[in-house]
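# Secondary and tertiary structure notes
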Amino acid sequence: MVNLLSKIVLAIFLLITSVNAETLKKIEIDGNKRISDESIIIFSDLKTNQEISKSDLDTAIKNLYKTNFFENISLSFENQILKIFIEENPIIDKFEITGIKKQSLVEFIKDKIQLSEMKSFDEEILSADLNLIDNILKSSGYYFADISSSKNLNEKLNSVNLKINIELGQKAKIKKIIFLGEKVFKDKRLKEVITSEEHKFWKFVSNKVYINKELINLDKRLLTNYFKDNGYFNVKVENSFVEFDKDSNFNLIFNITSGKKFFFNNFTLNIPKNYDSKTFDPIRKKFSKLKGETYSLSKINDLLKKIDRIALTKQYEFINASLIEKIENEKINLEINISESEKLYVEKINISGNYSTLEEVIRNNLIVDEGDPLNEILFNKSINNLKSLGIFKRVDTDIKKGSNDTLKVIDIDIEERPSGEISLTAGFGTSGEIIGAGIKEKNFLGKGINLDTNLELTPESVKGRFIYAKPNFNNSDNTLFTSLKSSTTDVLTDSGYKTSELGFSLGTKFEQFQNIFLSPEIDFLIEDLETSDKASDVLKKQEGSYTDFYFNYTINQDLRDKKFRTESGYQTFFSQEVPLISDNSEFANSFEISKYKKLSTRSDMVGKISFFAKTITGLSDDVRISKRLNIPSTKLRGFEKGRVGPVDNNDYVGGNHVSALNLSATLPNILEGLDNLDVGVFFDAANIWGVDYNSSLDDKSTIRTSTGIAFNLITPIGPLSFSFANALTQASTDKTETFRFRIGTQF
């Protein structure tokens, strides 16, 4: 770049004393071998029979150099004749990148750099490209790469063969993630917030364990938002850097200054005089509830979402909202100013950078479309929709002037990211072992399709499931999903029966009302039930093959403040399973509600209370064994899984009705130095009753209760969760369990 500027300055200097405004009659070009006279004249943007000045010639020189076709340029203007003397840069006849086996990475690099075959060669551009390649490799974890270049010049043809050789070396792994300064929260909590992970030998397919500049910058933003979401308005993640250890690994270090904790104080809402004040009453109602609560980005976003919904009503197409936050001691006054924006419309939307993703996937997530009013709130929400898909590394926008003053052209430039994930899990506990694996893809075939495949193995069962989900199916804003499942449960030795299931489902999910989601589906299932001499008479009676065709639906209301680390709000589920065609029809209902509340403004203690109930009734016969209900192990700790409730022939046969009440609370850091440990207390109460084929087995008066303490710890070999529970009340046949643990990992 320095050489280019010096060449331009020199060429212009030669013209200073010789050019006045004069008519250009003729252009003569000398020195060009490969590039035609006509092309050079077009590049210069000069035309004959026009008045030209020194400024015009300055611009012409700059235009010619910008093409990168020329090494040297000089001009001479005498007697209305302009002579252009040029020296061409050599053309790249052959270009190759060697040393990288992964061709997709080679193609990605070639797509990003400027030099390529049949382009002009320039040393400064080569230097810039080598620097860009170094940054690309570092973003992929290759901090030890050795990059060199070589070229062979053919002076006769004025061409060059260019080779860039890359020795990748080993990827730079993250040995340890360290948080320094006023971190406030435990290391375990902060590691859950960021995307980077510490390298472990079993995480051999994860890209998150390598040093990546973009991931580190994302981590800084995630940490900043997390602290702000918990009241630390002035938080600064001042620096993040890496350092070598003696084995050439990296420690990833974040320095955090949290500052004081802030709380909401007074709220002000200013709207234009011609707006209907009642339209904004839902926003004002939130103000009194928020005053005195911990400052939170999530709660502010909730207010902005309400404004979004007002804009979506089309009553206010040209609306804009701005926030002013004023600090008063440890409190923040929030002023929301709603105003009318300039009346502009979207003439055209240009999308670039989507090499794999179909353009319709991007356009389907835009609320503002061509021909619509350019509503700033809805435009920003459209861009957030794209970012939330999780398939783009970067989403940049540029709003430019359209064909007239009221029209705008929007350019959206995206950069795609890998969208696949492989996971392995392993769990070991006193109730048995679990091994699982899964593959996920968020952008299958570039169509925004989600695929999820998982397999789970236990000593008694094998379960597999494949799920296909297509968001915004047929431009309906509905998610279409279908799944295949297969499972086998073999307890012939202990209980005398074995079940095999093969099922298919097709359904959709959409937001029916504000924060209320409806998920209807049809479900087809084929089941085989096999018994042995150890089976009870009832089980032997049920032996055979069954075909079920059901209509199921779930209604979910989600009013949580946030999905990750919820601190307030509640969530409810109601679902029904309705038989359409079945060899043994059953009708099932279930309901669950969970309520969250922060117990202290000075710590991260959160309380949760939840209630769960489910019932199933046989319409034509007794409920078959595979569909009978058991208390979920997560809702009744202190008891062995599947070893609670009615017993027949030494077999726990389950019931027709189940209910559970759970109270839990997280505790502040009670053990200094154990930042990777979360501690909570719980109380569980549950009941299971109803045996339709034999009422004498029913024991509906027995309520099982337990209390205990739960631990979640990040260990060198993976996350470990365990609980100590004491059964307070139980039936005589129930099997209790004092200690339960699970260890595993996911990458």
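It should be emphasised that the depicted structure is a prediction, and the values quoted were computed from it without experimental measurement. (Residues numbered from 1 in each chain as written. Predicted model: local features only at pLDDT ≥ 70, side-chain atom pairs only at ≥ 80, totals over all residues. Heavy atoms only, no water.)

Moving on: the overall build of the protein. Across its full length, the protein carries 12 helices and 35 strands. Going through the 747 residues of the protein one by one, you find that 42% of them count as buried. For the protein, the exposed surface amounts to about 39,000 Å²; the carbon and sulfur share of it is 52%. (Helix = DSSP H or I, 4+ residues; strand = E, 2+ residues; numbered from the N terminus. Buried < 20%, exposed > 50% of the residue type's maximum accessible area, 1.4 Å probe, protein only. Areas by Shrake-Rupley, 256 points an atom, 1.4 Å probe, with all protein chains shown as cover.)

Time to look at the sheet that holds strand 16 (residues 392–401). If you trace the three strands from one edge of the open sheet to the other, you get 15-17-16, paired in mixed fashion. Each edge of the open sheet carries a strand with a single partner, namely strand 15 (345–352) and strand 16. In this sheet, neighbouring strand axes are inclined to one another by 20° on average, regardless of whether the strands run parallel or antiparallel. Two elements, strand 16 and strand 17 (residues 407–416), share nine bridges in a ladder whose sense is antiparallel. (Pairing = 2+ DSSP bridges. Axes fitted to C-alpha atoms, helices over the stretch in contact; angles between N-to-C directions.)

Now for the sheet that holds strand 5 (residues 81–88). Pairing in this open sheet of three strands is mixed, and the strands run 2-5-4 from one edge to the other. Every other strand in the sheet has two partners, leaving strand 2 (26–30) and strand 4 (70–78) as the edge strands with one partner each. Across the sheet, the axes of successive neighbouring strands diverge by a mean angle of 20°, strand direction being ignored. In the packing of helix 2 (residues 37–44) onto the sheet, the strands contacted are strand 2, strand 4 and strand 5, and the crossing angle to strand 2 comes to about 115°. Sheet strands touched by helix 3 (residues 54–66): strand 4 and strand 5. Its angle to strand 4, the strand with the most contacts, is close to 160°. (Contact = heavy atoms within 4.5 Å.)

Mapped onto the secondary structure, Lys540 falls in helix 12 (residues 537–542). Among the residues examined, Lys540 registers a relative accessible area of 36% and is labelled partly exposed. Spatially, the C-alpha atoms of Lys540 and Gly496 are 9.1 Å apart, while their sequence positions differ by 44 residues. Those residues within four positions of Lys540 in sequence are excluded, and the remaining contacts are Thr531, Ser532, Asp533 and Ala535.

Once that is clear, we can look at the packing of aromatic side chains. For any pair of aromatic rings, the description rests on two quantities: the centre-to-centre distance and the angle between the ring planes. Scanning the model with the defined rule gives 19 aromatic pairs in all. Both rings, one in Phe43 and one in Phe69, keep their centres 5.6 Å apart while their planes meet at 50°; by these two values the pair is tilted. Pair noted here: Phe43 is in helix 2 and Phe69 is in the loop between helix 3 and strand 4, with a separation of 26 residues, a long-range link. Ring centres of Phe144 and Phe250 lie 6.1 Å apart, and the angle between their planes is 40°; this geometry places the pair in the tilted category. Here the residue Phe144 occupies a position in the loop between helix 5 (123–139) and strand 7 (146–154), and Phe250 occupies one in strand 11 (residues 250–257), the gap between them amounting to 106 residues. On the accessibility criterion, Phe250 (2% relative accessible area) is buried. (Phe/Tyr/Trp six-rings, centres within 6.5 Å; stacked < 30°, edge-to-face > 60°.)

Our focus in this paragraph is the confidence of the model for the protein. Here the protein shows a mean pLDDT of 83. Residues at 70 or above account for 89%. Below pLDDT 50 for its whole length, residues 12–19 participates in 13 contacts with residues either more than four positions away or in separate chains. (pLDDT = per-residue confidence, 0-100.)

With 17 residues, helix 7 (residues 213–229) extends 24 Å from end C-alpha to end C-alpha; this agrees with the ideal 24 Å at 1.5 Å per step. Along helix 7, the residues classified as buried are Leu215, Ile216, Asp219, Leu223, Thr224, Tyr226, Phe227 and Asp229. A positive backbone phi angle near 100° is found at Gly231, which sits one or two residues after helix 7. (Expected span 1.5 Å × (residues − 1).)

For Asn158, which is not a glycine, the phi torsion comes out positive at approximately 50°. Relative to the assigned elements, Asn158 resides in the loop between strand 7 and strand 8 (159–167). On the accessibility criterion, Asn158 (16% relative accessible area) is buried. Its identity as a non-glycine residue notwithstanding, Leu445 has a phi of 60°, on the positive side. Structurally, the position occupied by Leu445 is in the loop between strand 19 (432–444) and strand 20 (449–457).

Let us look at a positive patch on the surface. Among the surface-exposed residues, Lys208, Arg417, Lys440 and Lys442 lie close enough to one another that they form a single positively charged patch. With respect to the element layout, Arg417 can be found in the loop between strand 17 and strand 18 (420–429). (Patch = residues over 30% accessible without salt bridge, like charges linked within 9 Å, V, L, I, M, F, W, Y side chains within 5 Å. Salt bridge = Lys/Arg side-chain N within 4 Å of Asp/Glu carboxyl O. Lys, Arg positive; Asp, Glu negative; His and termini not counted. Charge placed at Lys NZ, Arg CZ, Asp CG, Glu CD.)

So, about the pattern of salt bridges. Pairs can form between side chains of opposite charge whenever their charged atoms are close. Using the criterion set out here, one finds 30 salt bridges in the structure. For Glu198, the salt bridge goes to Lys191, with nearest N and O atoms at 3.1 Å. As a salt-bridge pair, Lys635 and Glu592 come within 2.9 Å of each other at their nearest N and O atoms. Placement of the pair is Lys635 in the loop between strand 28 (606–618) and strand 29 (647–648) and Glu592 in strand 27 (residues 586–598), with a sequence separation of 43 residues. Using a relative accessible area of 12% as the deciding quantity, one classes Lys635 as buried.

A cluster of acidic side chains, namely Glu460, Asp490, Asp494, Asp528, Glu530 and Glu543, defines a negative patch on the protein surface. With respect to the secondary-structure elements, Asp528 resides in strand 24 (residues 516–531). Its relative accessible area of 39% is what places Asp528 among the partly exposed residues.

Moving on: the side chain of Asp558. By secondary structure assignment, the location of Asp558 is in strand 25 (residues 544–558). A polar side-chain atom of Asp558 sits 3.0 Å from a polar atom in the side chain of Arg560. With residues near it in sequence (within four places) discarded, Asp558 still touches Asn515, Lys563, Tyr570 and Gln571. (Polar contact = N/O pair within 3.5 Å; in protein donor to acceptor, adjacent residues only side chain to side chain.)

Where helix 2 contacts helix 3, the axes come no closer than 8 Å and their chain directions differ by 120°. The orientation of helix 2 relative to helix 3 falls into the category oblique. Only Ala60, Asn63 and Leu64 of helix 3 make contact with helix 2, whose side of the interface consists of Ile40, Phe43 and Ser44. Within the contact of helix 2 with helix 3, the residues separate by chemical class into four nonpolar, two polar and no charged. (Parallel < 35°, antiparallel > 145°, perpendicular 65-115°, else oblique. Nonpolar A, V, L, I, M, F, W, Y, C, P; charged D, E, K, R; others polar.)

Let's shift gears to the side chain of Ser258. Tracing the backbone shows Ser258 in the loop between strand 11 and strand 12 (263–270). A distance of 3.2 Å separates the side chain of Ser258 from the backbone oxygen of Glu182, its partner in a polar contact. Contact partners of Ser258, with chain neighbours within four places excluded, come to Glu182, Val184, Phe227, Tyr232, Asn234 and Val235.

Bringing the environment of Gly708 into the picture now. If you trace the backbone, Gly708 turns up in strand 33 (residues 704–715). Measuring from C-alpha to C-alpha, the distance between Gly708 and Val681 comes to 5.9 Å, with 27 residues separating the pair along the chain. Apart from residues lying up to four places away in sequence, Gly708 is in contact with Gly680, Val681, Phe682, Phe724 and Ala725.

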